[in-house]
Amino acid sequence: MKIQLIAVGTKMPDWVEKGYLEYARRFPKEMQLELLEINAGKRGKNADIKRILKKEGELTLEAIPKGNKIVTLEVTGKSWTTEQLANEMTKWQHDGRNISLLIGGPEGLAPECIEQSEQRWSLSALTLPHPLVRIIVAESLYRAFTLTINHPYHRE
């Protein structure tokens, strides 16, 4: 299974790239985690946010390979413990499809992305900085994965 993390925003600070890669590289070939960045629309004082969000949504949806299960990261999504995430990942594997996890930009995800979502996941009731979300998702997925294979990374 491949888990594709599709995130709005490019040119992340070095610490974000290093943090994400620290966990992404730990996944085995049979469960790869890859990041695909979507260009964020230019936001200025008089920016048409609705138009920018729509364009980001179109680019995000175009990046999803046909047949992938779409999971959106949203504040209003379902919160999972590490054990629950591990169970979700097992279900994803049994489903036989690859996964596309969508992270929006400063205003969140476009409504079109949310409409296509099969599952909604919330990392926290807090609004988190989008660059940090990449690292949290990568670590959370890795931790949950290690639980499914009884690896000592996750200790209670």
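Residues numbered from 1 in each chain as written. Predicted model: local features only at pLDDT ≥ 70, side-chain atom pairs only at ≥ 80, totals over all residues. Heavy atoms only, no water.

Peer 1: Is there a simple way to think about the overall build of the protein in this case?
Peer 2: Looking only at helices and strands, the protein features 5 helices and 5 strands. Order of helices (α) and strands (β) in the protein, N terminus to C terminus: β-α-β-α-β-α-β-α-β-α. Computed over the C-alpha atoms, the radius of gyration of the protein is 15 Å, within 12% of the 15 Å expected from 2.2 N^0.38 for a compact globule of 156 residues. If you line up the protein on its principal axes, its C-alpha atoms span 50 × 35 × 30 Å. Counting only residues that meet the buried cut, the protein has 42% of its 156 residues in that class. Summed over its atoms, the accessible surface of the protein is roughly 8,800 Å², and 52% of this surface lies on carbon and sulfur atoms. Taking the 22 positively charged and 20 negatively charged side chains of the protein as two groups, their mean positions are separated by 2 Å. (Helix = DSSP H or I, 4+ residues; strand = E, 2+ residues; numbered from the N terminus. Rg over C-alpha atoms; globule rule 2.2 N^0.38 Å. Buried < 20%, exposed > 50% of the residue type's maximum accessible area, 1.4 Å probe, protein only. Areas by Shrake-Rupley, 256 points an atom, 1.4 Å probe, with all protein chains shown as cover. Lys, Arg positive; Asp, Glu negative; His and termini not counted. Charge placed at Lys NZ, Arg CZ, Asp CG, Glu CD.)

Peer 1: What's the story with the packing of helix α1 (residues 14–24) against helix α5 (residues 130–148) in this structure? I'm lost.
Peer 2: Each pair of packed helices gets described by two things: the angle between the helix axes and the distance between those axes. For the pair α1 and α5, interaxial distance at closest approach is 8 Å and the crossing angle is 10°. Taken together, the axes of α1 and α5 are roughly parallel relative to one another. Residue-level contacts link Trp15, Val16, Gly19, Tyr20 and Tyr23 of α1 to Pro131, Leu132, Arg134, Ile135, Ala138, Glu139 and Tyr142 of α5. For the contact of α1 with α5, the class distribution of residues is 9 nonpolar, 1 polar and 2 charged. (Axes fitted to C-alpha atoms, helices over the stretch in contact; angles between N-to-C directions. Parallel < 35°, antiparallel > 145°, perpendicular 65-115°, else oblique. Contact = heavy atoms within 4.5 Å. Nonpolar A, V, L, I, M, F, W, Y, C, P; charged D, E, K, R; others polar.)

Peer 1: Just to check I follow, could you spell out the packing of helix α3 (residues 82–95) against α5 for this structure?
Peer 2: Running from N to C, α3 and α5 cross one another at 75°; their axes reach a closest spacing of 8 Å. Taken together, α3 and α5 sit at an angle that is classed as roughly perpendicular. Judged by residue contacts, Thr82, Glu83, Leu85, Ala86, Met89, Thr90 and Trp92 of α3 engage Ser140, Leu141, Arg143, Ala144, Phe145, Leu147 and Thr148 from α5. Taken together, the residues of the contact of α3 with α5 sort by class into 8 nonpolar, 4 polar and 2 charged.

Peer 1: What exactly am I supposed to notice about the UniProt feature "binding site: S-adenosyl-L-methionine" (unreviewed entry) in the protein here?
Peer 2: In the numbering used here, UniProt assigns the "binding site: S-adenosyl-L-methionine" (unreviewed entry) feature to Leu73, Gly104, Leu123, Ser124, Ala125, Leu126, Thr127 and Leu128. Look at Ser124 and you get partly exposed, because its relative accessible area is 21%. Tracing the backbone through its elements, the reader meets Leu128 in the loop between β5 (119–122) and α5. The contact partners of Leu128, leaving out residues within four places of it in the chain, are Leu123, Val133 and Ile136. (UniProt positions renumbered as here; feature names shortened; annotations may be inferred.)

Peer 1: Got a minute to help me understand helix α2 (residues 49–63) in this structure?
Peer 2: An α-helix turns once per 3.6 residues; consequently, residues spaced three or four apart project the same way. With 15 residues, α2 should cover 21 Å at 1.5 Å per step; its first-to-last C-alpha distance of 21 Å lies within 8% of that length. Taken together, the buried positions of α2 are Ile52, Leu53, Glu56, Gly57, Thr60 and Ala63. Each buried residue of α2 lies within a common arc of 135° when the element is viewed along its axis, so the set occupies one face. The outward face of α2, more than 90 degrees from its buried face, is lined by the exposed residues Lys50, Arg51 and Glu62. In this structure, the buried residues of α2 make contact with β1 (2–8), β2 (32–38), β4 (99–103) and α4 (111–116). (Expected span 1.5 Å × (residues − 1). Arc of directions from axis to C-beta.)

Peer 1: Sorry if this is basic, but what is going on with the environment of Val71 here?
Peer 2: Here Val71 lies in strand β3 (residues 69–79). By relative accessible area, Val71 is classed as buried at 0%. Separated by 49 residues in the primary sequence, Val71 and Arg120 place their C-alpha atoms 5.6 Å from one another. Leaving out residues up to four positions away in the same chain, Val71 has contacts with Trp92, Ile99, Ser100, Leu101, Leu102, Ser117, Gln119 and Trp121.

Peer 1: Just checking my understanding: could you explain the side chain of Lys69 for this structure?
Peer 2: With respect to the element layout, Lys69 can be found in strand β3. Residues within four places of Lys69 in sequence aside, it is in contact with Trp92, Asp95, Arg97, Asn98, Ile99, Ser100, Glu118 and Gln119.

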